[in-house]
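Analysis of the macromolecular model
Now for the letters of each chain:
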Amino acid sequence: MRQIGKVWLVGAGPGSSDLLTVKAQGLLDTGDCIVYDRLVGREVLAMLPADKELIDVGKSAGHHAVPQSEINQILVREAKLGKKVIRLKGGDPFLFGRGGEELEALCEAQIPFEVVPGVSSSIAVPAYQGIPVTHRDYVSGVHIITGHHRAGKDEEIDYKALVRTKGTLVFLMGVGALEKIMNGLLLAGMRADMPAAILQQGTTAGQRRIAASVGTLAEEARKQQFQAPSIIVVGEVCRLADQFAWYEKLPLSGERILVTRPRERGLKLQEQLKKLGAEVLSVPVIRTVPLEDTARLLEVEKELKRLSEYEVLVFTSPYGVERFFEILLEEGLDARNVSHMRFAVIGQGTCDALRKRGIRADYMPDRYDGASLGRLLTEVLKDGDRILLARSSIGGAEIIRELEKNPALSYTDLAVYDTKFLEEQKPRLRSFMEDGGVTKVVFTSSSTVEGFVRLLGAFSYDRVKAVCIGSKTAWTAREAGMETVTAHNASMDELAECILKG
């Protein structure tokens, strides 16, 4: 008999991936099936492994894409198939998240489960907007209330009791009932000038805030067309919002940046952008993989036997360095077989990858692109030098064109790895790009531009503001119709500067 699986009820936090718990992050990588809802933030959705089974049970205001009873059945069904099921819920699963109803279904079906609490928007969103929900000089209590009620049931909020508490009031899922909530508080005796705020899409690039009063908040929200997901905060602590606001002061606050680089090679870039306040969507469009083609493998084997004939070894990517030295070991060789060579790299990232192997680069151009590296080599190498280029099977022609300008140099262009397009990312990429929220797209190579266009398909590319590393990458993006800004060197500081200026 098939062994029964298990369900983890996981809080995804209010939106920012930085606010996922460590346990939640680990489960996303180890689960077999991820069942997620609409309130899970885009950054978190971008982290979901595309090769996992993903089930969208998203709900929107007034419309349940999948009824709660069916969600319960999905969890039971998938667990009975022996899977590790991650039920990913926005915020905390037990704070108006209907987690209790899902656990009742699991208990009835005798499915084992765990609960992983999440950071609640009721605390985190005000914190990102400069509102401490408690403050010793203002208030010592906070009360969290749902503004959304089950269909067919009368409103159950005891406004008089809430007013008597004199605490901070936080209403979740209440944007559709904002006017009713404010009127309820006024009729219960709350003064009209009590500070109040509505906070939209907190902890993300779409974060907005209206600070007003109980008497004016509904009208202001209507004028500025505030929509869900938003939370409502009522209390004296709302006076502190302008003074304490910090997230919106970060230089890239409000930017939603899509990064197309392979995830394992884009972590440093993503961390840098997030420190500057950007919301970062990681959607790798290419993957670097070992060679599989027999003819190419035989070519590599042949050239490894001729290493002693080459004077210069050239790398155009960090993965090229890694894969070349892996191949050496696989073939019973090691770094001693290239110790007679000089080494050339395209940029600092590749230089760092070589340094990890205990080797310093002899040549690196001031401008990090293939043409500049080719020109440098034609200037510094002497006639008769033999060059081995170890790079991707779809490497650009710029470096070759420059090398061929000096017929006295000889070279071998050797593919040591393949670059593949990630077709499984198509739905996610289109979803992120079509909602209009992405402000910039980062491309670190021509192949990432090609992969982006291939996966996205028919699209108004003139809407895309591309931040590119290198002139070749920028040219490819412009050919697709994108607006471009170019970081000539692949440093995090220069890339961030381009994004700030662009």
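Heads up: these notes are all about the structure in this document. Every chain is numbered independently, its residues counted from 1 as its sequence is written. A pLDDT threshold of at least 70 governs which residues receive local features in this predicted model, and a stricter bar of 80 or more applies before side-chain atom pairs are shown or counted, although totals over entire chains, interfaces and linings include all residues. In computing side-chain properties, one takes all heavy atoms of the structure into account and sets aside hydrogens as well as water.

**Quick notes on a nonpolar patch on the surface**
For clarity, the cut-off: Here the term patch refers to residues with relative accessible area over 30% and no salt bridge, with like charges joined within 9 Å and nonpolar side chains (Val, Leu, Ile, Met, Phe, Trp, Tyr) within 5 Å. Using the Shrake-Rupley algorithm and a 1.4 Å probe, accessible areas are obtained, with residue cover drawn only from the displayed protein chains. A carboxyl oxygen of Asp or Glu within 4 Å of a side-chain nitrogen of Lys or Arg is what we treat as a salt bridge. Helix and strand definitions follow DSSP, with helices as H or I runs of at least four residues and strands as E runs of at least two, each counted in order from the N terminus. When a residue's accessible area, from a 1.4 Å probe over protein chains only, is under 20% of the maximum for its type it is buried; when over 50% it is exposed; and in between it is partly exposed.
Taken together, the side chains of Phe96, Ile123, Ile144 and Met173 present a nonpolar region at the surface, about 310 Å² in accessible area. Within the secondary structure, Ile144 is located in strand β8 (residues 142-146). Note on Ile144: relative accessible area 31%, which makes it partly exposed.

**Overview of the packing of helix α17 (residues 446-456) against helix α18 (residues 471-479)**
For clarity, the cut-off: Orientation is described by axes fitted as lines to C-alpha atoms, over the contacting stretch for helices, and by angles from 0 to 180 degrees between their N-to-C directions. If an angle is under 35 degrees, it is roughly parallel; if it is over 145, roughly antiparallel; if it lies from 65 to 115, roughly perpendicular; otherwise it is oblique. Take the far helix as your reference; a near helix turned counterclockwise from it by less than a right angle gives a left-handed crossing, and one turned clockwise gives a right-handed crossing. Contacts are assigned to residue pairs with any non-hydrogen atoms lying within 4.5 Å of each other.
The interhelical angle for the contact between α17 and α18, taken along N-to-C directions, is 20 degrees, at an axis separation of 8 Å. By the angle between their directions, the pair α17 and α18 is classed as roughly parallel. In the packing of α17 onto α18, the handedness of the crossing is right-handed. Residues Ser446, Val449 and Glu450 of α17 form the contact with α18, whose participating residues are Lys472, Thr473, Thr476 and Ala477.

**Some details on helix α14 (residues 370-380)**
The test is simple: Polar contact is defined as a pair of N or O atoms within 3.5 Å, subject to the rule that within protein one atom must be able to donate a hydrogen and the other to accept it, and that residues adjacent in sequence are counted only when both atoms are side-chain atoms.
Turning to α14, its buried residues number three or more, namely Gly370, Ala371, Ser372, Leu373, Gly374, Leu376 and Leu377. For α14, the secondary structure elements touched by its buried residues are β16 (312-315), β17 (342-345) and α15 (398-403). Two or three places before Ala371, at the opening of α14, Asp369 has a side-chain oxygen 3.3 Å from that residue's backbone nitrogen.

**Notes on the side chain of Thr146**
Assignment of secondary structure puts Thr146 in strand β8. According to the relative accessible area criterion, Thr146 is buried, its value standing at 17%. Excluding residues within four positions of it along the chain, Thr146 makes contact with Phe96, Ile157, Leu172 and Met173.

**Re the packing of aromatic side chains**
To describe a pair of aromatic rings, one takes the distance between the centres and the angle between the planes. Heads up, the condition is: Paired rings are identified among Phe, Tyr and Trp, the last through its six-membered ring, by centres lying within 6.5 Å, and are further divided according to the angle between planes into stacked (under 30 degrees), edge-to-face (over 60) and tilted (the rest).
Counted by the stated rule, this structure contains 10 aromatic pairs. Taking the centre distance of 5.7 Å and the plane angle of 75 degrees together, the rings of Trp246 and Tyr247 count as edge-to-face. Of the residues examined, Trp246 reaches a relative accessible area of 39% and is grouped as partly exposed. Between Phe324 and Phe325 the ring centres are 5.6 Å apart and the planes differ by 85 degrees, which places this aromatic pair in the edge-to-face class. Neither residue differs from the other here; Phe324 and Phe325 are each classed as buried. Three or more aromatic residues joined by ring pairs form one cluster here, namely Phe443, Phe452, Phe459 and Tyr461.

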